[in-house]
Every structure is written in structure tokens, then in C-alpha cells.
Amino acid sequence: MSVSSLSNHLIRGAVAAAAFWAVSAAAAEPDSSGGQALVRRLTPSQYAQSIKDIFGEGIKLGGRFEPDIRTNGLLAVGTGKVSVTAAGFEQYYTMARTIAEQVTDKDHRATLVTCKPAADKAPDDACARQFLGQVGRLLYRRPMTAAELDTEVVVAHDAAASLKDFHAGLRVGLTNLLVSPMFLFRQETAEADPARAGSYRLNRFAKAARLSFLLWDSTPDDELLRAAESGDLQSKKGLDRQVARLLSSPRLESGVRAFFTDMLGFDEFKTLSKDAVIYPKFTNVLIGQAQEQTLRTIVDLLVNERGDYRDIFTTRKTFLTPSLGILYAVPVVVDRPINTPELWVPVEYPAGDPRAGLLTHASFVALHSHPGRSSPTLRGKALREIFLCQKVPPPPGNVSFADVQDTANPVHRTVRARVTAHLVNPVCAGCHKITDPIGLALENFDSAGGYRMQENGVDIDTSGELSGIKFVGSTGLGQTIHDSPAVTSCFVNRMFSYATGQAPTPGQAQFLTFAEERFAAKKYRLPDFLKEIATSEAFYQVDGPTRVATRE
Amino acid sequence: MKTTFNASSRRRVLRGIMGGAAVSVGLPLLDCFLNSNGDALANGAALPPCFGTWFQGLGGAPGLWEPKVIGPGYEMGNQYRALSPFKQKINVFSGLKAHGRAPDHTIGQAVAFAGNYDGTIPQTIDTIIGDVIGTRTRFRSLEVACDGSAESYSRRGPNITNASEPSPLALYSRVFGAEFTDPNGAEFKPDPEVMVRRSALSAVSDQRAALLATLGTTDRARLDEYFTSLRETEKQLELQLQKPTPLEACAIPGKPEAESTGVIIDQARETQRLFASLIAHAMACGQTQVFNVNFGGGASRLRTAESAEVFHIYTHEEATDPKLGYQPTVNWFQEQTISALADFLAALEGVREGAGTLLDRSLVMYCTDHGYARYHTSDNIPMLTAGGAGGRIRTGLHIHAPGDSMTRVGLTVQQALGVPVNSWGKDANETSKTISEIIA
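About the thresholds
- Residues numbered from 1 in each chain as written.
- Chains lettered and ligands numbered in written order.
- Predicted model: local features only at pLDDT ≥ 70, side-chain atom pairs only at ≥ 80, totals over all residues.
- Helix = DSSP H or I, 4+ residues; strand = E, 2+ residues; numbered from the N terminus.
- Buried ≥ 20, exposed ≤ 12 C-beta atoms within 10 Å, placed from the backbone.
- Contact = placed C-beta atoms within 7 Å.
- Pairing = 2+ DSSP bridges.
- Axes fitted to C-alpha atoms, helices over the stretch in contact; angles between N-to-C directions.
- pLDDT = per-residue confidence, 0-100.
- Nonpolar A, V, L, I, M, F, W, Y, C, P; charged D, E, K, R; others polar.
- Expected span 1.5 Å × (residues − 1).
- Arc of directions from axis to C-beta.
- Domains from an automatic or database assignment.
- Parallel < 35°, antiparallel > 145°, perpendicular 65-115°, else oblique.
- Left-handed = near helix turned anticlockwise from the far one by under 90°.

**Side note on the overall build of chain A**
Counting secondary structure elements, chain A contains 23 helices and eleven strands. Classification of the 552 residues of chain A by burial places 50% in the buried group. Here the contacts in chain A between residues at least 6 apart in sequence split such that 71% fall between residues at least 24 apart.

**Describing the sheet that holds strand β3 (residues 90-94) of chain B**
Residue and element names in this part refer to chain B. The sheet built from eight strands is open, its strands ordered β2-β12-β3-β11-β10-β1-β7-β4 with mixed pairing. Of all the strands in the sheet, the pair left with one neighbour each is β2 (71-72) and β4 (142-145). Bridge count between β4 and strand β7 (residues 290-295): four bridges; the pairing is parallel. Its bridge partner being in β7, L142 is matched across the sheet by F291. Along the sheet face, helix α3 (residues 125-133) touches β1 (50-56) and β7 and points at about 165° away from the line of β1.

**Re the confidence of the model for chain A**
All names here are of chain A. Of all residues in chain A, 89% attain a pLDDT of 70 or more, and the chain-wide mean is 88. The least confident element of chain A, judged by mean pLDDT, is helix α1 (residues 3-23) at 46; the most confident is helix α11 (residues 222-230) at 98. In this model residues 1-8 is a low-confidence stretch, pLDDT under 50, and it forms eleven contacts with partners more than four residues away in sequence or in other chains. Low confidence marks residues 10-25, where pLDDT is under 50. Its contacts with residues over four positions away, or in another chain, come to eleven contacts.

**Remarks on the interface of chain A and chain B**
At the junction of the two partners, chain A supplies 51 residues and chain B supplies 52 residues. Of all the elements in the fold, those that place two or more residues in the side of chain A that touches chain B are α4 (86-103), α7 (146-163) and α8 (166-179) of chain A. No other element matches α7 of chain A, which puts ten residues into the side of chain A that touches chain B. Classifying every residue of the side of chain A that touches chain B by side-chain character gives 22 nonpolar, 19 polar and ten charged.

**Overview of the sheet that holds strand β11 (residues 541-542) of chain A**
Within a sheet, neighbouring strands are paired by backbone hydrogen bonds and run either parallel or antiparallel to one another. The antiparallel open sheet is built from three strands, whose spatial order is β3-β4-β11 (chain A). Both outer strands of the open sheet, β3 (190-192) and β11 of chain A, are each paired with one neighbouring strand and no more.

**Topic: helix α12 (residues 236-248) of chain A**
Residue and element names in this part refer to chain A. Between its first and last C-alpha, α12 extends 18 Å over 13 residues, near the 18 Å set by a 1.5 Å rise per residue. Residues of α12 that are buried include every one of L239, Q242, V243 and L246, and no others. Looking down the long axis of α12, one finds its buried residues gathered within 100° of arc, a one-sided arrangement. The exposed residues of α12 that point more than 90 degrees off its buried face are K237 and S248.

**With respect to the domain arrangement of chain A**
All names here are of chain A. Considered domain by domain, chain A is made up of domain 1 (41-187) and domain 2 (259-483). When each unit is reduced to the centre of its C-alpha atoms, the spacing between domain 1 and domain 2 is 41 Å. By residue class, the composition of the side of domain 1 that touches domain 2 is three nonpolar, one polar and no charged.

**A look at the packing of helix α10 (residues 204-216) of chain A against α12 of chain A**
Residues and elements named next belong to chain A. As a packed pair, α10 and α12 sit with axes 10 Å apart at the nearest point and diverge in direction by 25°. Classified by the angle their axes make, α10 and α12 are roughly parallel. Crossing of α10 against α12: the hand is right-handed. For the pair formed by α10 and α12, the contact residues are L211, L215 and W216 on the first element and Q242, V243, L246 and L247 on the second.

**Notes on the environment of R361 of chain B**
Residues and elements named next belong to chain B. Tracing the backbone through its elements, the reader meets R361 in the loop between β9 (356-357) and β10 (362-367). According to the C-beta neighbour criterion, R361 is buried, with 25 such atoms within 10 Å. Note: C-alpha distance between R361 and G387 (26 residues apart in sequence) is 6.6 Å.

**Let's talk about the pairing of β7 of chain B**
All names here are of chain B. The buried count for β7 comes to six of six residues, which makes it a mostly enclosed element. Both faces of β7 are covered, namely the face carrying V290, N292 and N294 and the face carrying F291, V293 and F295. Pairing geometry for β1 and β7, over six bridges, is parallel. Across the sheet, residue W54 finds its bridge partner in β7, namely V293.

In C-alpha cells:
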């Protein structure tokens, strides 16, 4: 089947699906089972975003986070498995002290501390109670219990008395809230579902938090907490109202960025190194810009334009800085004053331009390369694992491939010629035939993401193949991925795993199929799909209580 | 104001202390002084032992490192000649193996440090030993990585990794920054701010029992780990409120003037030297007794400034030089790494404590992940110990134990440092056979 006939076929399928859903719009969500109420450590970005949303932009964190672990393709799933080590706690404590210091200092207290103490140099329990209760509710994502609040008021009282400074007392009390396991871990609690005997769901505060972290990557705001407190959030109407509000907020961008940063594995940029001699343009600034280019492109297409998710693989629109322009050999001219950050410029490539689509971004081709040369294998592997949810086995340890990779080999002048040896050797071919033919289509992009037509004086052949479909170059690859049904089902699976913090259970399989159909019916628009997830029952349904609901 | 705390609340006690400003929470090592030799405390107890691991990826090349003589009086193999000045304080172990699954980048270090690898890695030896010897210091342990990453091989359990510090400047601030108390300082006055913090933090740890009671088993273990970690910070604060034991060998190092961390081998070696000096000073000043150094990680990312390829790629791709009989660039990387280990030992040896040195009361356990890096094999994986652990380990020996599991070294070291354990490791790596030759 040719590319065009395949894509026609798929488009017909999508149109048919859309028509089907238009007539049966009220299709009910199938029953699902499984899923757990989890204890999840906040990710660095959730921590930072929470602090920013509660205390404002200017508060510095002043510490470093423990590494997350990637499970089932996502760091979000790993958050349900990690703890806090001694050195990690030390860092959380340092950050807590740094943040509390700033919040209660002379510059910020006027705006952030909403009451005035009777005296500056003595305890004032009423004011401390007001402040700590207010902030604690946002940090804990639920109202503090009376006992919790009493304890921290006493802490603040004692500290203020010892140090003869009311605000020092607040600082110490706030530090406690910031290192509390109630803040550092999202602790989900289950409760019996009144609508379905024998079933369980998240309680209202756990529900608010799942929703807020999914859509905003941050702690629930005051209004969402009020909806939880009043019980409104547990009604269908109340939930719909909050989902609509969160989706229409500009903060949705943070949520979308956080999801793609996780899914695309951008944490690996931290240890990315390129050969400075071969790629002098690939600096740390450029590493940051490469990620930003991709996230901007995604947010613009999927959130601002409400575009089709699959178009991220083909879109000719992107954003570039002058530095990225140099990397991609695209002129980007913009005036800016000296010593100011580079500006971002919207760019639209002409039809047929090989730089179209996310797979050609430096954030993909450079992240999945060796330091000194491109790698069709690493790129093909990444593409299968990230976008198709397939697992590519690691190479055997005891392999010598000196001949394959010798860039000075006079016979094998191009990467294609060198890796063809993989496909001839039966030991290697098993895995390499599922990675290399995909990655070879991206050979116009070197290890740093720079655009090239030739390698060692020989024209680069960018023909490739995916599951029997042959194509040429990055645009052909982008279109093939765009049209592959595995791409959208993988996306649905990843998004649901990300949202719930766990791999889907067999009992949720039917729901995932349903969600995929809804995704298609909504023309693969991300905000519509997020709405489907966020208003579904499956998203909040959990197995019997692993946490006893003795309190909320 | 009326407050209610349960009867066992430590916070109540601490609040009382704070009010009275008297600091007498019973901690070991208080009010002791060194004897006149400087190698023991005044009460006659020897300075406590220190333990740490030093790891490099891709270390083995058969024939290049093994001493020819077995037992005492050996000479280092050519690749290890940088260690020759320390050979009387080193034991070399050859022939050891990581049993189990097909060779990969994890199994060697997992078996050496954790006793087994079946897809997950259990608790590692540094934390097991640290729980016995290192509980009285400000830092339970210090982990460092020399290639700019936070990668670490120190684990309290399968999902609990003690991340490495990538920056010598940051390590300096952690250990010798504002919160450091000079053990030899003339005056000691507890800081009221620290007293307040110590008391306040106990309000968080007092939540432990109530919170854990609401959790399922797995989550309970994770949150328990959080509270254990919190306790470490509490202990740091407690120690800041104590007059520290004077330690003659303690000198406060200067702050490193600059650092340049990254994967270029010269950067890694310089970073390692800075870390080595800071760790040596930290141990001499009683701040920690446990450390872990990761030099370049498993599938090493280290490279030279001149070449685009990393060490790992060379092991797979470099041809064996027919005249030399080995991969010359790989050998160069391995020599560089062993020189870095020699730098580390020199830093410990440079701290004189009475008649001996810091190295003498330490035990550094070196291992790598492969016996033959070129083929990533798990046979004949080089292992070393350096230092006598304060007279607990005999040194200067070459032990050849072909086919035995690497866990024999770990078991012996644990026993020597007081861990009550008779056998260690799992499945084919389980052993109860210590290396008796090195037990003093």
C-alpha cells in the first residue's frame, strides 16, 4: 500500500468515526475497574509550579531535587514508587527554609501575609493561625485538620517567643508545612462510590488534585478547593464546571508542557553532551532553546489553534530563535537590544520542506544521537518507544561493532552504508530492522540537529520504512507516523497513565478503546480529549481503599 | 494557650530544653577528647572506621591489571601502576565473577555492591555498613559523581537511590558552609535559631505514627523512608547543638575556587580531586564516615576534549592493536581512571592522624562492572580494597579466587565493619565464605 493510499484509507476511517460519533454523541462511558489511590511524590515542576501559584513569581527555590525514575515510559508513573532519601530531605529542607524566608521577609510580607500581628516582636496566635491555615490549605491541597493547624500554631508561637520576632515564628511554621509529607507527597484517599455499590472512587480532595495536576501541573486553586469543600466537585455538573474553567485558563499551557516534557524524555537533556569541535553551535543555550522550540510548537498547535494531535508530526509551523535558525540553516532575523535574551519568531516552512514536524526538531534528532554522529538506531528506537509505545530490546552486551561504525571507512562513507551491516548480520538484524529503517529517514539532520544534504561528500539517501510502508525523508516519515493508528492509541495510553500515575489495568482497556474513539470523534483535539478524560469516571475510579478514609 | 501532645512527644522535651537553653541531649562522643597521640579518643576508643565505594564503569581488561604473584609481595599489573605507592595498603582480588543473567551494564556493580541482580537492585553495602558505623555523624553518607550527573549506585532499596552531588562547590557548602561547627573551635555556644528549628521539625516527625497507620504496606515503607530521612536532618541539627569532639586532624579546607564539571576526562579527574579532598576533610572533621564516588558511571560517558566518541563507544568499536594485544584508547581511559582512584587514596593518605593516616582507618572498596570491557563480560571483574579499616583488615595481598562471586568481598568487608551477617547475596551469588586471608 502506498503512503498516499494508506493515508486516504485512514482519513476515510477517521471521517467515518467522526460521523458515527456525531450521531451517537451520547455514547456512554463503559464500566471500568482497577486503578489505585496512590501516594505520589511531587515532581520538580509540580513543586515549583505550586510555589509559584501560591506565593507568586518572584520566590526562588534555592535547592535541587532528587531524580525521578521513569516507569512505563513516564516519570509521572515513577512518582508513585519513589521516596525521599536523607540527602533529598536535606535539599527539601533547604528549599523550604529559603522559600519561607522570602515569603516572610520585609519585601513580601505585606502582600503575602494577610494579617498584621499585634506586636512585631511577640507571638500572635490569631494571625499565625490565619496565615498558616490559609497557606496550609493550598499546600496540603485540603483544609488542615484542627490538630495539624494547632500544632503549627504552637510551633510558630514557640519560635516567635524564642527569637522575639513574630515573622520568624511564621517562617518556622511555614518551613514545617513545606517539608511536610502532606505537601511533598500527593496522598490520594479512596471512598465508597455512592452511585455504585461495592465500587470506590477518589475522595473530593484527591479528585481536585488529580484534576489540577493533570491540567495545570499545579496545586488546586482556591476555587477548585471550594468546589471540593462544598461537595460540588463530586456532582457531574460541578465537575463539568470546574473542568471547563481549568481548560479555559491560560494555565492549561503549564499542564500541556509538563505532559510533553515527560513524554518526550526531556529530562535526558540534563546529561546531553555534544562534541564541541564538531558542533560548536550546540551550546547549553541551544539545548534550552531546542526544548522550548518543541514545547512552543506543541502548545501553539494543540492549545492555541486547537489543532489535530497528529499534525505535530507534519506541521510546517514552528518558532525559532536566530541561534536555532543558524542550526537549521533557516535565516531568522530579528532586532533586539544587546545583552537581552534571544527573541522567538514564528516561522512557516514552505510545502515540502524537510524541516517540518516535531521529529526534525533538535529536541528529537539531537537528543537521540551519539555525541559525535547521528544514530538512526537511537532515533528509530526513540520513535517506537515514545510515540508508538513499543519496547525495543537493548543490544547484547558482548558485541563488537568496530567495523560498522568506523567513519573513516572508505567503503562505508555514510551512516546508511555503515548500519546496513546490522541488517546483514542476523544477530543484529532482529532489532535493527525495527529501528534503523525509520531513523535513516532523518539522516538529513546531524547529531546536533543541524541540517545537511551530504555526509563525507556523498549525497544522503533518506528513504525509510515503517511496518512495510516505504517513504522518503523526514516529511515522508512524518506523514507515515501521522497516519499510523498506533500513534493515537499510544498517545491515549500515555495520557491516561500520566493522569492517573499508573499503567492502565486490564479492567480499563475498554475505557481506553472508548477514549480513543472519542479522541477520533473530536478530531484529535487535545483540549477536547483532556475534557473527556477529566470528566470520565474511570479517571477517578479506584480499587478498594489502600488508604483507609479515616479522614480527608 | 492550651496544647495537647501525646506523652511520648519528643517535641515536648525539646520545647523544655529550648526554654531553658540548656543543651544536654545525650549523644555519644560528647565531652571526649583525643588522646595525646591523636589517633584515639581520650577514653581509649580508637577513631571510628570509615567506609566507602569507588566505582568506575568499563574497567576490566584481562592480562593488564592482575598481579602475577598471589599473596603478599605482589606488584601491580601495568595498567594499575598508579596505585603502586599504596600497594602495601591495598588488596587486589582477581578471578571474581558476577553470577546471574547475561552480562549488561548493571550486573557487575549490582552484585558487588548489593549482592544480587534480578532486574532490581536491593539495598547496597554502603548503606548497610553506614547503618552500623555511620549513625553518629552529621551526614549519614556523602555521594558524589564526577561527570556532572547525579548518578549514584548507593541505594537503600530498589527505588530509593541516594542521588550523587555533581558539584564540588555545592558539596563544600553542604559540609563546610554556615552550618559547620569546627570541632576544634575554642568557643561553643548553641545557636538559638538552630534550637528553634530542631524543636519545630520534631512537630513534623511526630506525625509519623498517625500517618503510617493510614497507608498500605508499600506506601508505608516509602513514607517510613521519608521519616527516616527527616530524622537524619533532625540529627544534623542536634549535632549542631552539641559541643563537638575535638579532632586533631581536622582542618577546614578552603572553598574550591572554581569548578568545571562535565564529561571531558580532564574535568572529571579535577572534579574527583576536589571531591576527594572535601570527603577526606569531612571525615577528618567527623562530619561523615561513609562515602560513594562514581567516576563516569556504568556505560561511561567520559571522553576526551579532542574526540567525539565516549569511552563506552571505544570499548565496543576500537580494534585491538595486534602488536599491543589490547584496545589502546580503552586502555588509556582505564589508566586515567585508576590514576583518579590513586588521587582519591592520596587525599586520604594525606590526612595524618597520630601515627597513621585517614586511609588506615578507612576501607575503600573499588569495583567496576566488567571483566573485559570490550565484550562487557562478567568474569574476572577487578575488585580492590584500600585501607585497613582501623586495623580490621589486613592489606598488601593479592587474592585469586577464580569463579567465586564478587559477594565474597562484600561479605568480608561487612563482617569486618561490624555488620552481623553470616551470608550475603542471593541465588548463585549467595555466599557465606569470607576471604579469611584479609581478616585481621
